[in-house]
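Tertiary structure, described
The chain contents come next:
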Amino acid sequence: MPALPVTGNLAQRAAMASVLVASLLLVLKLFAVSRTGSAAMLGSLADTGLDLVASLVTLLGVRVAATPADHNHRFGHGKAEALAALFQVALIAVAAVAIGWRSAHHFTGQHVVASADYGIGVSVIAIVFSIGLIAYQRHVIVRTGSLAIGTDSLHYQSDLVLNLSVIAALALEQYAGIRGADPLFGVAIALWLAWGAWTSANTAIDHLMDREWPLEERDRFLAIAAQHPELKGIHDLRTRSSGTQRFVQFHVWVDPAMSVFEAHRVMDEVEARLERDFPGVEILIHPDPEGHVDPSAPPVAIST
C-alpha cells in the first residue's frame, strides 16, 4: 500500500489513541456496573462500548481515506471518512434507544443503586482520560480537518457530560437518598446521545452530498483570487470536501486577445496565490473570454 501523507498519519494516530482509551475505559466500567447496578453507569458503559467499535471503524476509515488516488478513484478515497462517521451515528442511535428503554424500565421497578463509590471513581478516571484524548484530537483536527476524527471527538466530548451525569446520579441516589435520580439521568444521557447522533449525521451527509463550503470561506477564497490584476471577473465557483481533501473549481474572465500561453501563466499565478491561504486544496480553473457566461452555470460570480 502506498505511504500515507502526513495528514493521514496524524488522523490514524488519533484513531489509535481513541481505541486504546475506549478499551481501558470499557474494562473499568464493566467492573463499575457489576458493583453498582446503576442505570446511568450502564448507559456510560454502553456508550464506551460503542466508542470502541466506532473508534475501530474510524481507524479503518481514516486509513482508507488517506490512501492516494488510484485509477478507479481519481478524486481519492476521502468519502470513506463520511461513511465511517455514518456508521458511528447508527451505533450511537441504537445505544440511545437501548439506554432510554432500560432507564424507563428502572422507573417502574425496585431498582437500588449500590457501591456508588466505585462508579464515581471510575467516572472520574474516565473524565481525565477523555480530556486528554479530546485535547489530542483537537490538535489533529486543526492539522487535518478530518471528519471521522471530528465525529469521534464528539463522542468523547459527550462522555465528559455523561460521566459527570453518572457521578451526579450515583451521589443523589445513594448518598442523598433521592430515588429515581439514577434512571432520570439515564434518560437524559439517552437524549444527549440521540442529539449527538443527529448532528453528526447531518455533517456526514453534507460531505457525501458535496455540500458547498461555508459562505464566509467561499467569499474569502473569491476575494483572494480576484486580486490578480489580469482577471476580469470570476464565475461558476464550486466547492466540496472529501475527508481531509478539499476541491475548488471556477471560471475566470480574461482578455479575449490573451494567448493560451499567457492565460496559462495567469492561472498558475492565481493558483500559487491561493495555495498560500488554502494549502492542500485542489484547484481547477477554466479561463473564458471576458463576458462569456455558461448558461448552465449557477449564479455565483463577482466582478473585479
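The preceding data block contains the structure.
Before going into details, it helps to say that this report is about the structure given with it. (Residues numbered from 1 in each chain as written. Predicted model: local features only at pLDDT ≥ 70, side-chain atom pairs only at ≥ 80, totals over all residues. Heavy atoms only, no water.)

Regarding the overall build of the chain
Broken down by element type, the chain carries eight helices and four strands. Counting from the amino terminus, helix and strand elements in the chain follow one another as α-α-α-α-α-α-α-β-β-α-β-β. Put simply, the chain has 304 residues, and 45% of those count as buried. The contacts of the chain with a sequence gap of at least 6 include a subset with a gap of at least 24, amounting to 76%. For the chain, the exposed surface amounts to about 14,900 Å²; the carbon and sulfur share of it is 66%. (Helix = DSSP H or I, 4+ residues; strand = E, 2+ residues; numbered from the N terminus. Buried < 20%, exposed > 50% of the residue type's maximum accessible area, 1.4 Å probe, protein only. Contact = heavy atoms within 4.5 Å. Areas by Shrake-Rupley, 256 points an atom, 1.4 Å probe, with all protein chains shown as cover.)

A short note on the side chain of His 235
Turning to its location among the elements, His 235 is positioned in strand β1 (residues 233-242). Residue class for His 235 comes out buried when judged on its relative accessible area of 4%. Engagement of the side chain of His 235 in a polar contact is seen with the side chain of Trp 253, the distance being 3.3 Å. Here Asp 288 takes part through its side chain, which lies 3.2 Å from a polar atom of the side chain of His 235. (Polar contact = N/O pair within 3.5 Å; in protein donor to acceptor, adjacent residues only side chain to side chain.)

Section: the packing of aromatic side chains
Summed over the entire model, instances satisfying the criterion amount to four aromatic pairs. Ring geometry for Trp 213 versus Phe 221: centroids 6.0 Å apart, planes at 85°, classification edge-to-face. Note on accessibility: Trp 213 and Phe 221 belong to one class, buried. When the centroid spacing of 5.9 Å and the interplanar angle of 20° are considered together, the rings of Trp 213 and Phe 278 count as stacked. Here Trp 213, found in the loop between α6 (181-208) and α7 (215-225), pairs with Phe 278, found in the loop between α8 (260-277) and β3 (282-289); they are 65 residues apart in sequence, far enough to count as distant. (Phe/Tyr/Trp six-rings, centres within 6.5 Å; stacked < 30°, edge-to-face > 60°.)

Looking at α8
For α8, spanning 18 residues, the distance from its first C-alpha to its last is 27 Å, which sits close to the expected 26 Å at 1.5 Å a residue. The set of residues buried in α8 consists of Ala 263, Val 266, Met 267, Val 270 and Leu 274. For α8, the angular spread of the buried residues around the axis is 100°, confining them to a single face. For α8, the exposed residues lying more than 90 degrees away from the buried face are Phe 261, His 264 and Arg 276. The inward-facing, buried residues of α8 contact α7, β2 (245-254) and β3. (Expected span 1.5 Å × (residues − 1). Arc of directions from axis to C-beta.)

Brief notes about the pattern of salt bridges
What the rule picks out here adds up to eight salt bridges. Two residues, Arg 238 and Asp 236, come together in a salt bridge whose shortest N-O distance is 3.0 Å. Asp 236 gets classed as buried once you look at its relative accessible area, which sits at 5%. Close ionic contact of Arg 265 with Glu 269 constitutes a salt bridge, the shortest N to O distance being 3.0 Å. Of the two residues, Arg 265 and Glu 269 both sit in helix α8, four residues apart, roughly one turn of that helix. A relative accessible area of 25% places Arg 265 in the partly exposed class. Connected via shared salt-bridge partners are Glu 230, Glu 262, Arg 265 and Glu 269. (Salt bridge = Lys/Arg side-chain N within 4 Å of Asp/Glu carboxyl O.)

Side note on the pairing of β1
Counting buried residues in β1 gives nine out of ten residues, a clear majority hidden from the surface. The pairing of β1 with β2 spans eight bridges and is classified as antiparallel. The residue bridging Thr 239 from the neighbouring strand is Val 248, located in β2. (Pairing = 2+ DSSP bridges.)

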